[in-house]
Amino acid sequence: MKIIYKTVLLLAVPVLMTSFAGCKKFLDTKSSTATSDGAVLKNVTQLNMVLTSAYKKLYFNNNGADRAYSGLAGLQMYVDLGGADILSHTNMGGNQVTSYTYEPTRTQITGNSDAIWSMMYKTINEVNAIITALPTADGGPELKQQIMGQAKAIRGICYFHLIQNYQQTYMLAKNKPGVILRLSSTDPESMPRSSVEACYQQILADLKEAKGLLANYERPNKWTIDKNVISGQLARVYLVMNDWPNALAEATTAYNAYSQLMTRDQYRSGFDKVITNGYPEIMWAMKYTDTDNIGGSTQFNFWYNQDESYGEGFTDGPIYAFLSFFADGKYEQLFEKTEDRYQFWKRTKNASQEWSTKWAYNKYKHYGDANGAVQGNTRPEVSLMRGSEMLLIMAEAAANSGGDGLTYLNRLQRARGVVNVTTAAAGPTLLEAIYVERRKELLCEGVTGFYDLLRLQKPLLRYQETATYKEGHYTWGVNQLNGYVASATNPTGTLPSNDYRFIGQIPQLEMTNNEALKPTDQNPFSGQ
């Protein structure tokens, strides 16, 4: 018989959305899907405090793993590090490196297997406490509706990330075991995995109910979820499900509210002040502050983004950079040299060839204060959803359903200064052009990388650096993939599109403590 060990923790409620202060007791267990004790949640003030705490977990994964697992902003790194377009140096170590190298860390016995699982379920546990307690709590109906809408939206978002990371894509795996659908704080601790189909239906139900509840809600800031963010999230879900009409409809709704794309000058100014600068296409964004941050573990620190004018070292000038992330040469070749997005590219002049032979990429550059490079000063703003992404979803959905996807694609290409826009394309040719444009436009925004490889059933293919192709992947980025031969003239590494090495295994603690799970319920580690 499995033994459940329980401890009581005090959860400090952060001040993000309001000036609430205080703390709440929550029942936690060594199972990462442990439910919350809602006995103390009697009014909307208390429930709003819990909602604020859930937002913080979603954005920062406070009290959880850092770097590539530090909330939604961390997952932006994680998802693309598993693709073909980013290289990660090993100089800083950490989970951003193992995410890139495909070391066997997604197995049930490792901490990395638990990182996303724990992060999402801890957030789900908090919103479930809200959803369970809210109907009988004291408070006005309008505020209760706003709280419930945001709670349901957060839960749908969390389950969407869980199902993408712990089972194959929807179109292949509808009948396979998905994740545990825990929908109330009173649910038992031991529950089986629901099917992938059931998980997606619950995600849709949560998001659609949330959209209705927030139909008239005017949010106070960019990081709060509203109906347009939910439309964008629904478009993402429908895209994975190949539900083209609904993907097109929801993306169009979201895009119509954020159709003024970033101008040439705005795009060239970078992505660290998307809220402060008021870019109209930013639908959803969050900000690191002095009280809510992950120190120097943002992707703004990991990219090699130093300015040549003040040096090429770790702490030269006002940018604190770990000199870890570069972009692959095959990715650089996708860009016209005169388009707006190409201005992010540069060659470094670092003395080491491990850096100077690579393509640095300055989309994610953030300046500290005038006193120089201080880790604590990394306080950028992070875009979580943009109008450009919605336009690309519209293009793909229309192209797959007989509509005019080309017009949507060209609209984005012209907005970015592309001269040789895609012309007279249809079918697979047009779809491939849209996929390439997604890679160019949305790098490290949490929606391309291995997420796209899985849903589009594309293999991962990386080219190793050689004497004639120095801007290729580091050896450690290919040598654990299939087909790698170190002595080959042009070594490559690949993973099939549905290899389980993209997918995490159910964590050991969950397998041990959840009596409804048997060893046969575990995902394979590799294979298809």
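This text goes with the structure placed above it.
From a predicted model like this one, the values you see are computed outputs, not experimental measurements. (Residues numbered from 1 in each chain as written. Predicted model: local features only at pLDDT ≥ 70, side-chain atom pairs only at ≥ 80, totals over all residues. Heavy atoms only, no water.)

1. With respect to the overall build of the chain
Counting secondary structure elements, the chain contains 18 helices and 10 strands. The C-alpha radius of gyration computed for the chain amounts to 22 Å, which stays within 12% of the reference 24 Å derived for 528 residues, consistent with globular compactness. Projecting the C-alpha coordinates of the chain onto the three principal axes gives extents of approximately 65 × 55 × 50 Å. The burial tally for the chain puts 60% of its 528 residues in the buried class. Across the chain, every contact between residues at least 6 apart in sequence was considered, and the portion connecting residues at least 24 apart equals 69%. Surface summary for the chain: the accessible area is close to 19000 Å², and the carbon and sulfur share equals 52%. Here the chain carries 51 positive and 50 negative side-chain charges, and the mean point of each set is 1 Å from the other. (Helix = DSSP H or I, 4+ residues; strand = E, 2+ residues; numbered from the N terminus. Rg over C-alpha atoms; globule rule 2.2 N^0.38 Å. Buried < 20%, exposed > 50% of the residue type's maximum accessible area, 1.4 Å probe, protein only. Contact = heavy atoms within 4.5 Å. Areas by Shrake-Rupley, 256 points an atom, 1.4 Å probe, with all protein chains shown as cover. Lys, Arg positive; Asp, Glu negative; His and termini not counted. Charge placed at Lys NZ, Arg CZ, Asp CG, Glu CD.)

2. Let's talk about the packing of aromatic side chains
Applying the stated criterion to the full structure yields 37 aromatic pairs. With centroids separated by 5.9 Å and ring planes inclined at 85°, the aromatic side chains of Trp345 and Trp359 adopt a geometry described as edge-to-face. Of this pair, Trp345 sits in strand β6 (residues 345-347) while Trp359 sits in strand β7 (residues 359-361); the two residues are 14 residues apart in sequence, bridging distant segments of the chain. Trp345 sits in the buried class, given a relative accessible area of 7%. (Phe/Tyr/Trp six-rings, centres within 6.5 Å; stacked < 30°, edge-to-face > 60°.)

3. Considerations on helix α1 (residues 44-60)
Between its terminal C-alpha atoms α1 stretches 24 Å, which fits the 24 Å expected from 17 residues at 1.5 Å a residue. Sitting at the amino-terminal end of α1 is Asn43, which places a side-chain oxygen 3.1 Å from the backbone nitrogen of Thr45. (Expected span 1.5 Å × (residues − 1). Polar contact = N/O pair within 3.5 Å; in protein donor to acceptor, adjacent residues only side chain to side chain.)

4. Description of helix α15 (residues 405-415)
Helical geometry note: an α-helix holds 3.6 residues per turn, so side chains three or four residues apart project in the same direction. Within the span of α15, buried status applies to Gly405, Leu406, Leu409, Asn410, Leu412 and Gln413. One side of α15 holds all its buried residues, which, seen down the axis, span an arc of 165°. Contacts made by the buried residues of α15 are with α14 (387-400) and α16 (427-442). The first or second residue beyond α15 is Gly417, which carries a positive phi of 80°. (Arc of directions from axis to C-beta.)

5. Comments concerning the environment of Ser184
Examined against the element boundaries, Ser184 turns out to sit in the loop between α6 (170-173) and α7 (196-213). The spatial distance from the C-alpha of Ser184 to the C-alpha of Leu406 is 44 Å, given a sequence separation of 222 residues. A distance of 3.3 Å separates a polar atom in the side chain of Ser184 from a polar atom in the side chain of Thr132.

6. Some thoughts on the pairing of strand β10 (residues 492-495)
Only one face of β10 is buried: it carries Gly493 and Leu495, and the other face, with Thr492 and Thr494, is open. Across four bridges, the pairing between strand β9 (residues 460-463) and β10 is antiparallel. If you follow Leu461 over to β10, its bridge partner there is Thr494. (Pairing = 2+ DSSP bridges.)

7. Overview of the side chain of Ser231
Tracing the chain through its elements places Ser231 in helix α8 (residues 227-240). We classify Ser231 as buried; its relative accessible area is 0%.

8. A few points about the side chain of Gln505
Structurally, Gln505 is set in the loop between β10 and α18 (508-513). Polar side-chain contacts of Gln505 include one of 2.9 Å to the backbone nitrogen of Gln108. In this structure, Gln505 is in contact with Arg106, Thr107, Gln108, Ser113, Tyr166, Gln522, Asn523, Pro524 and Phe525, ignoring residues within four places of it in sequence.

9. Considerations on the pattern of salt bridges
Applying the stated criterion across every chain yields a total of 32 salt bridges. A salt bridge links Arg439 to Asp85; the shortest N-O distance between them is 2.6 Å. With Arg439 in helix α16 and Asp85 in the loop between α2 (71-81) and β3 (86-88), this residue pair connects regions lying 354 residues apart in the sequence. Like Asp85, Arg439 is buried. (Salt bridge = Lys/Arg side-chain N within 4 Å of Asp/Glu carboxyl O.)

10. Observations concerning the packing of α8 against helix α9 (residues 244-257)
The interhelical angle for the contact between α8 and α9, taken along N-to-C directions, is 150°, at an axis separation of 8 Å. The angle between α8 and α9 places the two elements in the roughly antiparallel class. When the axes of α8 and α9 are compared, the crossing they make is left-handed. Facing α8, whose interface residues are Asn228, Ser231, Gly232, Leu234, Ala235, Tyr238 and Leu239, α9 presents Trp244, Asn246, Ala247, Glu250, Ala251, Thr253, Ala254 and Ala257. (Axes fitted to C-alpha atoms, helices over the stretch in contact; angles between N-to-C directions. Parallel < 35°, antiparallel > 145°, perpendicular 65-115°, else oblique. Left-handed = near helix turned anticlockwise from the far one by under 90°.)

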